[in-house]
Every structure is written in structure tokens, then in C-alpha cells.
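Chain residues, written in single-letter form:
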Amino acid sequence: MTTYEQERVGFFTDTSVCIGCKACEVACKEWNLIPQDGTTWTGESYDNTSELNANTWRHVAFVEQERNGDGLRWLMESDVCKHCTHAACLDVCPTGALFRTEFGTVVVQQDICNGCGYCVPACPFGVLGKREEPKDGRVWKCTLCYDRLKGGHEPACAKACPTNSIQFGPLDELRVRADARLAKLERDGVEGARLYGRDPDDGVGGFGAFFLLLDEPEVYGLPPDPVVSTRHLPQMYRSLAAAAAGIVVGIAAAFVGGRS
Amino acid sequence: MSSYYGRPVIKEPVWTWQIPTYFFTGGLAGASSVLSLGAKLAGNERLSKSALYVGAAADAVSPMLLIADLGRPERFHHMLRVAKATSPMNVGAWILLVSGGASSTAAALELLGRLKPVKLLAETVAALAGPPLATYTGVLVADTAIPVWHEGRHELPWIFGASAAASAGAAACMFVPPAEAGPARRLAVGAVAAEGALMQGMELRLGTTGEVYRRGAAGKLALAAKALAGGGAALLATRGGKSRRSAALGGAMVCAGELCLRWSVFRAGFQSARDPKYTIGPQRARVERAGRSAG
Ligand code: SF4
């Protein structure tokens, strides 16, 4: 059981009340001094930032769904680093730049990161990016506003969200709130509502930043069943040991084979 | 299958050409150190010395490649500020440090012809670090969210190990007279055969996930790897024992083939990350299976 000096905190992002205003994206950029991006037109609804990356730590996804007879359903979701309980990025980081804070969040120490890039393909959500523009070379991602938390403030995105789609708080409380919200939506007959990342038994041990979605995760560009790759690391190290022994045996055989 | 505008769910690596090249040089270094000590124990000094130099050279190039790939090369030593078993890259940095230190010491003492016992110790250390150096890179790529790498986790350390052994044998064939290169030839030929079977097996087992090895750049590189390594091994097996020139050509072909193999695995990872179907498909199937067995 992991214990934290402070209560573990996180986000509950309730997409059912998201209005796609992108106040979170802007607040995040302002507070964290993130370089500009997303300035080209993609034609993908109102989304020009397209993905989480070194320079986008909150990303609002827009999905326009034509539904037979029902007209248009417009899904919006503000995506963010999940601050996984079992975080692949943190596990594979060779320098220890990525660490678990006293708030239970996952943060890159920018004075340590040497830009090896291992966390980039390790994250099952494709959250991290290496910052090339402007020239930097290190990886960047959401810090859950570590500096603001230290000062007793909520993260910039949650603060700026006008509809309370982004809720910040102790994770236990958020889970209770999310359960109640889901129950309400189900009572109201809202189709397809589900919690994503709330379950501590999932492949990453539950998200520190989880979601209420109105459709399958992949519709929003999220993986339906993410698993932290290091779960299989013991198995991989066993393969390594066996293969290493295989090299020795193979080379020995090459010498012995010649004598016969 | 739905996706978000066909965009990838995960990120492709940000690694550049240095990394697959290092997979080759690191493997060559690791397996050469073992070959060198093996030859020494078998009393084949000529082969031992050549493999020692090849290993030391490859060991020396390896960290340069790795450092050049970093976003902040001047911070390369941050790799060594922790010892962290959950990070194959960190483990590998330590292995490379030991291997490189040992093989360069051994090669320097060999050149100088001094301190025989220290040299033997260094050679032994290099030979111990060699096999993990040659195989950990398979775990390094497997320990990511990239489907074709992660799902290939059982075979990749073996494939990289076989590729390393093939390149070490082949490199020795290029520098050692045929009469003394017998073990190196057998190693190269045997390892190429083993690696071909392993690749085939992995592709079959991976099904749809493995199809990237037949597509795009990864597919072309896989073909080149097979042609070069297979052709080189055939040349070594048939004429490598008689003609010095054939041995050199065959050795060079096998080495080129192994480099292509590493590149093929590398590019396959990019292709696997780029198309969301490889990420979403198997996960969706898993969810559905779990749902069925629960319901
Ligand atoms: S979502 Fe990705 S970047 Fe965020 S903690 Fe999990 S593994 Fe790390």
C-alpha cells in the first residue's frame, strides 16, 4: 500500500458538463508558461491542439456525432495526464527525474531530466512529449500544478473551469462524488455514461485524474484497457536472463562443435 | 473500430538513428566479449584478440551514440545518479558502464602487453557483462506501451541476443584468418538461423499486431535483414573456411543484415504506435472478453 505524506489528490473530469470553452487549456498555459502550439487549423471540429504533448497539458477533445434521428451529439472532454497509481513513465525513467510527489501526483523534475525520451512511448496514454519547439530537449507534462498545490491552491485548470467539469480534491472524495454523479445521469436516462479510470483494480491501478465519459474511451482518443508495461517487467527480466544464458551456451557450442 | 480522427492513442518514440545503431553496437560489444574469452579458454589467441578489439571498439562507440540522442547530452551522467531496477534503460546504463570499462581496459593492456592478471580480470568482467548488454535492449523496447514491442516481450531479448551473437561471429570472420575462425563462423551461421526462426515465430504469434513487420519501412528492412544475413551466412558456411575474401564479404553481409534487423524492429515500433488500431483493437477485444466472462 502506498502512503503519502498528504492525502492523495487528483482530478475528476466530468465531461457531461464540459462546454468546450478551453479555459482549462488557456489557464494551464498561462500558469505554467507553456509555449504556444495548436495554431494550425486541423478541421477536426473545434480541436486544433489535437493531443496532449510537451506544450499541451490540458487538451479539449471535440467529437461531433451524427445519431440517427437524434441530430447532433457534441462530445467534449478535457484530457490530462492521469497521474497513474502505477505510472509507466515514472517506472522507466532512468534518471529519477519523474517522481511521486507528497500529493500522490507524478511530476518531472526539469533540472534532472536529460531528455532520454523513454517515458514518451512508455505512457499508455501518450501524454508526454519532448519539447523541441522552442528548443529545449526535455520532456514535459502536467504537474497537477505542483507549485500551486504547495501554496495551498487548486490547479489552474480546475480554478478556471466555469462549469465545474474539472473538479479537484482528495481522490477518495472525488470518487464518491463521481459515483453519485454517474447514478444521477443513469437515473436521468443519459445513455452511455461511464466512469473511466476510477477503478483501483484497472491496468494502471486507477487514475489520480479520472473521468466521466459519455461514450467508449477510444471515441475520445483514450485507450479502452491501458496496462502499465512494467507489470510484465519480472517476466521480461526472466526472458533476458534466459537469453543471456543462451548466448553463453551458443558461443560455447561454437567452440565445442568444431572439435567433434 | 472508433478512434479520435484516426489519431494515435500512444506516442511514437522520439529516438533517432543513434538508438537502433546502438542496439547493434551494444550487441556486437556484448557478444564479442564472450566470444573473446571463449576463444582464450579454447586456446585460440588470434580469435580472442580480434574479438577483444572489436568488442572494445563497439563498447566505445555505444555511449557516444546514446549521449548524442539525448535531448540534453550534457546531462548524460544523470543516468547514473540512481540505480533503478524498474528502468531497463537505467540498468542498461550501468551494464554498459561496466562492460565498456572492462573491455577498454583489457584492450589497452593487450596493446601494451602488460599486467596480464589485470587483463584477464577485465576480460572476465567484460564477458560477464556481455550477455546482459546484448539482451537488455530487447527488454528496453518491450517495456513500453507500443503493442508490437510489448507483445513481443518473450522473443525480443532472444532475438536481440541471437542478432548480437551473429554479428560478433561475423565481425570476427572479417578479421581472423579462416583457419582460426572456425568457431566464429559456426557462431554466425547458427545465430543467423536461430534469429530467423525466432523472428518468424514472433510474427506468427503476434498475429495482427505483428503485421507491421511486413509493411512499410519495417517490412523492407526485415526483408533486407533476411537477405543480407541469410546470404552472408550461406557464404560463410560454404566458402568462409577456404577463402579469406569470402569470409570478409560474408562477415560484412551478416553484420549489415543484423544492423537492418535492429532497424526493422525499431521502425516497426513507430508504425505500431502510429496506427491507433494496433493499440485499441487488442484492448477492446480484452474488454469484451472480460465482459463476456463476467456477464
Ligand atoms: S498518464 Fe502517462 S504521463 Fe501521466 S502518470 Fe500515467 S504514465 Fe505517466
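Just so you know, these numbers come straight off a predicted model, no measurement behind them.

Criteria and cut-off values
- Residues numbered from 1 in each chain as written.
- Chains lettered and ligands numbered in written order.
- Predicted model: local features only at pLDDT ≥ 70, side-chain atom pairs only at ≥ 80, totals over all residues.
- Heavy atoms only, no water.
- Near = heavy atom within 4 Å.
- Nonpolar A, V, L, I, M, F, W, Y, C, P; charged D, E, K, R; others polar.
- Axes fitted to C-alpha atoms, helices over the stretch in contact; angles between N-to-C directions.
- Helix = DSSP H or I, 4+ residues; strand = E, 2+ residues; numbered from the N terminus.
- Parallel < 35°, antiparallel > 145°, perpendicular 65-115°, else oblique.
- Left-handed = near helix turned anticlockwise from the far one by under 90°.
- Contact = heavy atoms within 4.5 Å.
- Buried area = accessible area lost by both parts, 1.4 Å probe.
- Salt bridge = Lys/Arg side-chain N within 4 Å of Asp/Glu carboxyl O.
- Polar contact = N/O pair within 3.5 Å; in protein donor to acceptor, adjacent residues only side chain to side chain.
- Buried < 20%, exposed > 50% of the residue type's maximum accessible area, 1.4 Å probe, protein only.
- Pairing = 2+ DSSP bridges.
- Lys, Arg positive; Asp, Glu negative; His and termini not counted.
- Phe/Tyr/Trp six-rings, centres within 6.5 Å; stacked < 30°, edge-to-face > 60°.
- Lys NZ or Arg CZ within 6 Å of the ring centre and 35° of its normal.
- Patch = residues over 30% accessible without salt bridge, like charges linked within 9 Å, V, L, I, M, F, W, Y side chains within 5 Å.
- Areas by Shrake-Rupley, 256 points an atom, 1.4 Å probe, with all protein chains shown as cover.
- Domains from an automatic or database assignment.
- 1 Å grid on protein atoms, 1.4 Å probe; cavity = no way out; pocket = protein on both sides within 12 Å on 5 of 7 lines; lining within 4 Å.
- Points joined across faces, edges and corners; volume = space filled by probe spheres on them.

### Some words on the site of the ligand
As a structural note, the neighbourhood of the ligand is formed by 14 residues, with Cys81, Lys82, Cys84, Cys89 and Cys123 of chain A the closest of them. Tallied by class, the residues present in the shell around the ligand amount to 11 nonpolar, one polar and two charged.

### Things to note about the packing of helix 6 (residues 156-175) of chain B against helix 7 (residues 182-206) of chain B
Residues and elements named next belong to chain B. Axis separation between helix 6 and helix 7 bottoms out at 7 Å; the angle between their running directions is 155°. The angle between the axes of helix 6 and helix 7 places the two elements in the roughly antiparallel class. The hand of the helix 6/helix 7 crossing is left-handed. Listed contacts from helix 7 to Leu156, Trp158, Ile159, Ala162, Ser163, Ala165, Ala166, Gly169, Ala170, Ala172 and Cys173 of helix 6 are Ala184, Arg185, Leu187, Ala188, Ala191, Val192, Glu195, Leu198, Met199 and Met202.

### Things to note about the interface of chain B and chain A
Contact residues are listed per partner, giving 63 residues for chain B and 77 residues for chain A. Between chain B and chain A the total buried area reaches about 5700 Å² when both faces are included, carbon and sulfur atoms providing 60% of it. When the buried surface of chain B facing chain A is broken down by residue, Tyr4, Tyr5 and Lys11 of chain B rank first, second and third, together holding 14% of it. Measuring nitrogen to oxygen at the nearest pair gives 2.6 Å for the salt bridge that ties Arg284 of chain B to Glu218 of chain A. Counting across the interface, chain B meets chain A through 33 residue pairs in polar contact (both at pLDDT 80 or more).

### As for the pairing of strand 3 (residues 71-80) of chain A
Residues and elements named next belong to chain A. The element strand 3 is largely enclosed, with a buried count of seven among its 10 residues. The pairing of strand 2 (residues 58-67) with strand 3 spans 10 bridges and is antiparallel. The residue bridging Val63 from the neighbouring strand is Leu75, located in strand 3. As consecutive antiparallel partners, strand 2 and strand 3 are separated by three residues, and within that stretch Gly69 has a phi angle of approximately 80°, a positive value.

### Some thoughts on the side chain of Lys84 of chain B
In this structure, Lys84 of chain B sits in the loop between helix 2 (45-69) and helix 3 (88-112). In this structure Lys84 of chain B is buried but unpaired, with Asp91 of chain A as the nearest side chain of opposite charge at 6.2 Å. In contact with Lys84 of chain B, other than residues within four places in its own chain, are Leu90, Asp91, Cys93 and Gly96 of chain A together with Asn90 and Val91 of chain B.

### Focus: the packing of aromatic side chains
A complete count under the given rule lists 18 aromatic pairs over all chains for this structure. Relative to Tyr5 of chain B, the ring of Tyr4 of chain B lies with its centre 4.6 Å away and its plane at 70°, an arrangement referred to as edge-to-face. Counting every residue linked through ring pairs, the aromatic cluster contains Phe125, Tyr196, Phe207 and Phe211 of chain A. Seen from the ring of Phe270 of chain B, Arg267 of chain B lies directly overhead, with NZ or CZ sitting 4.3 Å from the centre.

### A look at a nonpolar patch on the surface
Residues and elements named next belong to chain A. A surface patch of nonpolar side chains, about 330 Å² in accessible area, is lined by Tyr46, Leu72 and Trp74. Tracing the backbone through its elements, the reader meets Tyr46 in the loop between helix 1 (23-32) and strand 2. For Tyr46, a relative accessible area of 53% puts it in the exposed group.

### Some points on the sheet that holds strand 1 (residues 9-14) of chain A
Residue and element names in this part refer to chain A. Read from one edge to the other, the open sheet built from four strands follows the order 8-1-10-9, with strand pairing classed as mixed. Strands with a single pairing partner mark the edges of an open sheet, and in this sheet they are strand 8 (166-170) and strand 9 (194-196). With strand direction ignored, the average angle separating the axes of adjacent strands in the sheet is 20°. Looking at chain direction, strand 1 and strand 8 are connected through five bridges and run antiparallel. Within strand 8, the residue paired with Phe12 across the bridge is Gln167.

### Observations concerning the domain arrangement of chain A
Its domain assignment divides chain A into domain 1 (9-228) and domain 2 (230-260). Measuring from the centre of the C-alpha atoms in domain 1 of chain A to the corresponding centre in domain 2 of chain A gives 42 Å.

### Notes on unusual backbone geometry
Residue Pro134 of chain A follows Glu133 of chain A across a cis peptide bond; omega there is -10°. Mapped onto the elements, Pro134 of chain A comes out in the loop between strand 6 (129-130) and strand 7 (139-140). A positive phi angle, near 50°, is found at Tyr5 of chain B, a position not held by glycine. Mapped onto the elements, Tyr5 of chain B comes out in the segment before helix 1 (18-41). For Leu115 of chain B, which is not glycine, the phi dihedral falls at a positive 50°.

### Describing the pairing of strand 10 (residues 209-213) of chain A
Residues and elements named next belong to chain A. When you tally the buried positions in strand 10, you get five out of five residues, the bulk of the element. Of the two faces of strand 10, the one holding Ala209, Phe211 and Leu213 and the one holding Phe210 and Leu212 are both buried throughout. Sheet topology places strand 9 next to strand 10; three bridges connect them, and they run antiparallel. Within strand 10, the position partnered with Arg194 by the bridge is Leu213.

### Regarding empty space enclosed by the protein
All chains considered together, the criterion is met by six cavities of 30 Å³ or more. Here the largest cavity defines a volume of roughly 180 Å³. If you go around the largest cavity, you meet 18 residues; those closest to its centre are Glu51, Leu52, Asp79 and Gly221 of chain A together with Pro8 of chain B. In the lining of the largest cavity, the residues fall into nine nonpolar, four polar and five charged.

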